[in-house]
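So you can see what is in the structure, the chains are spelled out below.
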Amino acid sequence: MSPSNETTVRRTKIGIVGAGSVGTSLAYAAMIRGTATDIALYDLQTAKVEAEALDLSHGQMFAPGVRVEGSDDVAVLKDADIVFVTAGAKQRPGQTRLDLAGANTAILKSLMPQLVEQAPQAVFVLVTNPCDVLTVVAQQITGLPHQRIMSSGTVLDTSRLRWLIGSEAQVNTSSVHAYIIGEHGDSEFPVWSSASIGQVPLSEWEVDGRRPFTTERLDELKDQVVNAAYRVIEGKGATNYAIGLAGVRIAEAVLKDQQSVLSVSTVLEDYYGVSGVALSVPSVVGGAGVGQQLRIPMGEPEKQQLRASAGTMRSSLHDLGF
């Protein structure tokens, strides 16, 4: 009997709660990239979720072999390896992410036990805002290890920052090394003290004989990142494409056990003195979820900003009874 040339492909499954603009953008990006063999969309709007899954399935000829399902039955998420929660009240123009906390906490209290029942081994990623607050809420509701519950945090904000820096420095975004950390919201901040292009500190980078990254310019870049979502929401009603790509980047780190450093948000334990709240810091993400949280070099003003961001989170959690 000749040995078989067939190889068994391990099936991997992404579950997505919410078939709105973010959830479907995430599914679309995952399908194009072939991130998983199966994508499952769950939404209570039956016609909407079935139509979205059908629309995606019609494009299978042009993408890697990915099976897409959509249902109003939570069982569609059964045995998912990673579950993204995108459902919740929608952020309106002028509304902060923290303003959404009460409504979306109520949704999570009902939702999380159902998700854990269907996918007991999954890594859970909160995309719904305010994602840092909801990460703590989800972890306390489920009792799961904090490594298995994260939010997309400032992965997108970091991408926004690197794109702006790369455009100004006239280099590819992938050559920029800088992070936005803290809250995914108004108290987030860039860690300028360790930002670089290649190995050149940002403050020393030159373009046509001048150094563009002055203190004033760095402040402007920070403001552009912090207000980026508000600008997009004002113009088109929602942010969806970039957060879909950011979510898929996290999914690939988990499903392929890449041990990638990403600025996801999870509950901190004595990170520069901050514990018990979820904030984004550069963290190693792999098959088991969030591993080591990297203590990147920070100046004292940046540490103070981190503590201030933690204070904002504690206040919001207290108001919610957590």
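Note: the structure precedes this text.
Throughout what follows, the structure given in this document is the object of discussion. Quantities reported herein were computed from a predicted structural model and do not represent experimental measurements.

Cut-offs used in this document
- Residues numbered from 1 in each chain as written.
- Predicted model: local features only at pLDDT ≥ 70, side-chain atom pairs only at ≥ 80, totals over all residues.
- Heavy atoms only, no water.
- 1 Å grid on protein atoms, 1.4 Å probe; cavity = no way out; pocket = protein on both sides within 12 Å on 5 of 7 lines; lining within 4 Å.
- Points joined across faces, edges and corners; volume = space filled by probe spheres on them.
- Helix = DSSP H or I, 4+ residues; strand = E, 2+ residues; numbered from the N terminus.
- Nonpolar A, V, L, I, M, F, W, Y, C, P; charged D, E, K, R; others polar.
- Buried < 20%, exposed > 50% of the residue type's maximum accessible area, 1.4 Å probe, protein only.
- Phe/Tyr/Trp six-rings, centres within 6.5 Å; stacked < 30°, edge-to-face > 60°.
- Lys NZ or Arg CZ within 6 Å of the ring centre and 35° of its normal.
- Core = buried A, V, L, I, M, F, W, Y, C linked by side-chain atoms within 4.5 Å.
- Contact = heavy atoms within 4.5 Å.
- Expected span 1.5 Å × (residues − 1).
- Arc of directions from axis to C-beta.
- Axes fitted to C-alpha atoms, helices over the stretch in contact; angles between N-to-C directions.
- Parallel < 35°, antiparallel > 145°, perpendicular 65-115°, else oblique.
- Left-handed = near helix turned anticlockwise from the far one by under 90°.
- Salt bridge = Lys/Arg side-chain N within 4 Å of Asp/Glu carboxyl O.

1. Description of the layout of surface pockets
Link 1 in the chain: If you add up the space inside the largest pocket, you get close to 840 Å³.
Link 2 in the chain: Elements with a contribution of two residues or more to the lining of the largest pocket: α1 (21-33), α3 (101-118), α5 (155-169) and α7 (228-236).
Link 3 in the chain: Looking at the lining of the largest pocket element by element, the count peaks at five residues for α3.
Link 4 in the chain: The class makeup of the residues in the lining of the largest pocket is 16 nonpolar, 18 polar and five charged.
Link 5 in the chain: Put simply, the second largest pocket is a space of about 460 Å³.
Link 6 in the chain: As for the second largest pocket, its lining consists of 18 residues, and the residues nearest its centre are Val155, Ser159, Arg162, Arg249 and Leu262.
Link 7 in the chain: Residue assignment for the lining of the second largest pocket shows that the elements contributing at least two residues are α5, α8 (241-255) and β12 (260-262).
Link 8 in the chain: The dominant element in the lining of the second largest pocket, judged by the number of residues it contributes, is α8, at six residues.
Link 9 in the chain: Class assignment for the residues of the lining of the second largest pocket results in nine nonpolar, five polar and four charged.

2. Re unusual backbone geometry
Link 1 in the chain: In the segment running from Asn129 into Pro130, the intervening peptide bond is cis, with an omega of 0°.
Link 2 in the chain: One can find Pro130 in the loop between β5 (123-126) and α4 (131-142).
Link 3 in the chain: Non-glycine residue Asp270 carries a positive phi angle of around 50°.
Link 4 in the chain: Positionally, Asp270 belongs in the loop between β13 (265-267) and β14 (278-280).
Link 5 in the chain: A relative accessible area of 46% places Asp270 in the partly exposed class.
Link 6 in the chain: The backbone of Tyr272 shows a phi angle near 50°, a positive value even though the residue is not glycine.
Link 7 in the chain: Along the chain, the position of Tyr272 falls in the loop between β13 and β14.

3. Considerations on the packing of aromatic side chains
Link 1 in the chain: Under the definition given, this model contains one aromatic pair.
Link 2 in the chain: Its end group placed over the ring of Tyr179, Arg162 keeps NZ or CZ at 4.8 Å from the ring centre.

4. Some thoughts on the nonpolar core
Link 1 in the chain: One finds Leu115, Phe124 and Leu306 to be the most contacted residues of the largest nonpolar core, which totals 44 residues.
Link 2 in the chain: Excluding its chain neighbours within four sequence positions, the residues that come into contact with Leu306 are Ile181, Gly182, Phe189, Tyr271, Tyr272, Val274, Leu279 and Met298.
Link 3 in the chain: Ile16, Ala30, Met150 and Leu262 belong to the second-largest nonpolar core, a separate cluster that totals 37 residues.

5. A look at helix α9 (residues 300-319)
Link 1 in the chain: Taking 1.5 Å per residue as the helical rise, α9 with its 20 residues ought to reach 28 Å, and the 29 Å between its terminal C-alpha atoms agrees with that figure.
Link 2 in the chain: Looking only at α9, the buried set comprises Glu302, Leu306, Ser309, Ala310, Met313, Ser316 and Leu317. Viewed end-on, α9 has its buried residues packed into an arc of 120°, placing them on one side of the element. Exposed side of α9, more than 90 degrees from the buried face: Pro301, His318 and Asp319 are the residues found there.
Link 3 in the chain: Packed against the buried residues of α9 are α3, α4, β8 (180-181), β9 (189-190) and β14.
Link 4 in the chain: Just downstream of α9 lies Gly321, where phi reads positive at about 85°.

6. Things to note about the packing of α4 against α9
Link 1 in the chain: The N-to-C vectors of α4 and α9 enclose an angle of 55°; their axes lie 10 Å apart at closest approach. If you check the angle between α4 and α9, you find them oblique. Considering how the two elements wind past one another, α4 and α9 form a crossing that is right-handed. Here α4 contributes Asp132, Val133, Val136 and Val137 to the contact with α9, which in turn contributes Met313, Ser316 and Leu317.
Link 2 in the chain: For the contact of α4 with α9, a count of residues per class yields five nonpolar, one polar and one charged.

7. Notes on the pattern of salt bridges
Link 1 in the chain: On inspection of all chains with the given rule, the structure shows nine salt bridges.
Link 2 in the chain: Between Glu206 and Arg211 there is a salt bridge whose closest N-O contact spans 3.6 Å.
Link 3 in the chain: Glu206 gets classed as partly exposed once you look at its relative accessible area, which sits at 44%.
Link 4 in the chain: Across the pair Arg307 and Glu300 runs a salt bridge whose closest N-O atoms are separated by 3.1 Å.
Link 5 in the chain: In this structure Glu300 comes out as partly exposed when scored by relative accessible area, which is 42%.

8. Let's talk about the packing of α3 against α4
Link 1 in the chain: Two elements in contact, α3 and α4, have axes whose closest approach is 9 Å; the angle formed by their N-to-C orientations is 40°. Our classification of the angle between α3 and α4 gives oblique. α4 is crossed by α3, and the crossing has right-handed handedness. The segment α3 lies against α4, with Ala101, Asn104, Thr105, Leu108, Lys109, Met112, Pro113 and Val116 engaging Leu134, Val137, Ala138, Ile141 and Thr142.

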